Amino acid sequence: MGKKRKLAKQMRKRDLEEETALVICVGKRCCDRAESRAVAEAACAYARETHAHARVVTVGCLDICKKGPIAATYPAMKFEKHVSKKRARKLLDKLEGRR
């Protein structure tokens with residue numbers, strides 16, 4: 001299954017198809033899970049403080065291993081590799097600007 005299809009399936013499964021979201025992979029194969037979770041937690045905190053419409057969603061492995069932490073913007077489905085906390089904040093800012 002392709003990465004975009006897998007992402008869409010994950011969002012459907014969570015009933016978030018209509019949401020604008022930053023999706024962060026917290027699978028354990030691409031990088032240290034603690035690193036992915038730290039990025040996700042920082043992004044969640046930033047989203048709560050500054051963004052009313054963009055959500056942060058964590059998902060299991062998106063099969064883009066060895067390039068993590070991985071983040072994707074939804075619904076645009078643009079994938080970013082080696083995402084830092086700073087990069088996650090910038091992606092949220094871009095998502096919020098689209099609304």
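Going by the structure above, here's the rest.
Here the structure is a predicted model, which means the values were calculated and not measured.

Undergrad: Which residues make up the packing of aromatic side chains, and what are the values?
TA: Going through the model one piece at a time under the given rule, you end up with 0 aromatic pairs. Cation over ring: Lys3 sits above Phe79, and NZ or CZ is 4.9 Å from the ring centre.

Undergrad: Any chance you could break down the pattern of salt bridges for me, citing the residues and the numbers?
TA: Counted under the stated rule, the structure contains 1 salt bridge. In this structure, Arg87 engages Glu80 in a salt bridge whose closest nitrogen and oxygen atoms are separated by 3.3 Å. With a relative accessible area of 24%, Glu80 lands in the partly exposed category.

Undergrad: Give a detailed account of the pairing of strand 2 (residues 54–59), specifying residues and quantitative values.
TA: For strand 1 (residues 20–25) and strand 2, the ladder comprises 6 bridges, and the chain directions are parallel. Of the residues in strand 2, the one forming a bridge with Cys25 is Val59. The β-α-β motif built from strand 1, the intervening helix 2 (residues 33–50) and the parallel element strand 2 has right-handed crossover chirality.

Undergrad: An account of helix 2 is requested, with residue identities and associated values reported.
TA: With 18 residues, helix 2 should cover 26 Å at 1.5 Å per step; its first-to-last C-alpha distance of 26 Å lies within 8% of that length. Those residues of helix 2 that sit buried are Ser36, Val39, Ala40, Ala43, Tyr46 and Ala47. Along the axis of helix 2, the buried positions cluster into a sector of 130 degrees, meaning they face one direction only. In this structure, helix 2 carries Glu41, Arg48 and Glu49 as exposed residues pointing more than 90 degrees from its buried face.

Undergrad: Break down the sheet that holds strand 3 (residues 71–74) for me, with residues and values.
TA: Here 4 strands make up an open sheet; going across it, the order is 2-1-3-4 and the pairing mixed. Sheet topology places strand 2 and strand 4 (78–80) at the edges, where each strand pairs with a single neighbour. Strand-to-strand, the axes of this sheet are offset by a mean angle of 25 degrees, without reference to chain direction. Here helix 1 (residues 3–13) sits on the sheet and contacts strand 1, strand 2, strand 3 and strand 4; the angle it forms with strand 3, its principal contact strand, is near 65 degrees.

Rules and cut-offs
Residues numbered from 1 in each chain as written. Predicted model: local features only at pLDDT ≥ 70, side-chain atom pairs only at ≥ 80, totals over all residues. Heavy atoms only, no water. Phe/Tyr/Trp six-rings, centres within 6.5 Å; stacked < 30°, edge-to-face > 60°. Lys NZ or Arg CZ within 6 Å of the ring centre and 35° of its normal. Salt bridge = Lys/Arg side-chain N within 4 Å of Asp/Glu carboxyl O. Buried < 20%, exposed > 50% of the residue type's maximum accessible area, 1.4 Å probe, protein only. Pairing = 2+ DSSP bridges. Helix = DSSP H or I, 4+ residues; strand = E, 2+ residues; numbered from the N terminus. Right-handed = clockwise from strand over helix to strand, strands pointing away. Expected span 1.5 Å × (residues − 1). Arc of directions from axis to C-beta. Axes fitted to C-alpha atoms, helices over the stretch in contact; angles between N-to-C directions. Contact = heavy atoms within 4.5 Å.

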